[in-house]
Amino acid sequence: MSVPAHIEAHPADGYAGDITPQQAWDLLAADPAATLVDVRTEGEWRAIGIPDTASLEKQPVFSEWVRAGGRPNQQFLEELKAAGVTDGPVVFLCRSGQRSIGAARLATAAGIAPSYNVLEGFEGAPGADGVRDQQGWKVAGLPWTEGAQ
């Protein structure tokens, strides 16, 4: 299935494009083959929360783009394939929409396409007060749960 007509990805180099959190949700809802991959760290999943796609009868895939301490996850592609992510569409989500760009590019280069980056990520960039409460999946009011993965 292709991307729903109302979802226009912002052009990007090396992957299908950037979409808003709401567009990501709409794509996941509209396309039974669409997968959400959360590339944050295990610590972020536990401390900040995780997206909840249960109402779509889907489970997100959790695969760290970088390990604790900032070490790249050398098994990233293998983890995706082991989780059944071998084709798109795939929506990559991180904390603020930066790490997920690299994940979308790598997946695209490996033939997992179309791959999208979620702008703003799960929490978005910090506001003027340093708090991440201005944008992102959570602020958009999309389903999420606290705690573990």
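Residues numbered from 1 in each chain as written. Predicted model: local features only at pLDDT ≥ 70, side-chain atom pairs only at ≥ 80, totals over all residues. Heavy atoms only, no water.

If you check an unreviewed UniProt entry, the chain appears there as Rhodanese-like domain-containing protein from Promicromonospora alba.

Remarks on the overall build of the chain
Along the chain, the regular secondary structure elements total four helices and seven strands. The N-to-C order of helical and strand elements in the chain reads β-α-β-α-β-β-α-β-α-β-β. Projected onto its principal axes, the C-alpha positions of the chain cover 40 × 35 × 30 Å. For the chain, buried positions account for 44% of its 149 residues. Of all intrachain contacts in the chain linking residues separated by at least 6 positions in sequence, the fraction that spans at least 24 positions is 64%. For the chain, the computed accessible surface area is about 7,000 Å², with 50% contributed by carbon and sulfur atoms. Here the chain contributes 11 positively and 19 negatively charged side chains, and the mean placements of these two sets differ by 7 Å. (Helix = DSSP H or I, 4+ residues; strand = E, 2+ residues; numbered from the N terminus. Buried < 20%, exposed > 50% of the residue type's maximum accessible area, 1.4 Å probe, protein only. Contact = heavy atoms within 4.5 Å. Areas by Shrake-Rupley, 256 points an atom, 1.4 Å probe, with all protein chains shown as cover. Lys, Arg positive; Asp, Glu negative; His and termini not counted. Charge placed at Lys NZ, Arg CZ, Asp CG, Glu CD.)

A word on the pattern of salt bridges
All told, the structure shown has six salt bridges when counted by the stated rule. Taking the shortest distance from any N to any O, the salt bridge between Glu42 and Arg46 comes out at 2.9 Å. Of the two residues, Glu42 and Arg46 are both situated in helix 2 (residues 42-48); the distance of four residues between them amounts to about one turn of the helix. You can call Glu42 partly exposed: its relative accessible area is 38%. (Salt bridge = Lys/Arg side-chain N within 4 Å of Asp/Glu carboxyl O.)

Structural notes on the sheet that holds strand 5 (residues 90-93)
Spatial ordering of the open sheet is given by 1-6-5-2-4, a layout of five strands whose pairing is parallel. The sheet is open, and its two edges are formed by strand 1 (17-19) and strand 4 (61-62), each paired on a single side. Most of the contacts of helix 1 (residues 21-30) go to strand 1, to which it runs at about 95°, and overall it touches strand 1, strand 2 (35-38), strand 5 and strand 6 (115-118). With respect to the sheet, helix 4 (residues 99-109) is in contact with strand 5 and strand 6, its orientation differing from that of strand 6 by roughly 180°. (Pairing = 2+ DSSP bridges. Axes fitted to C-alpha atoms, helices over the stretch in contact; angles between N-to-C directions.)

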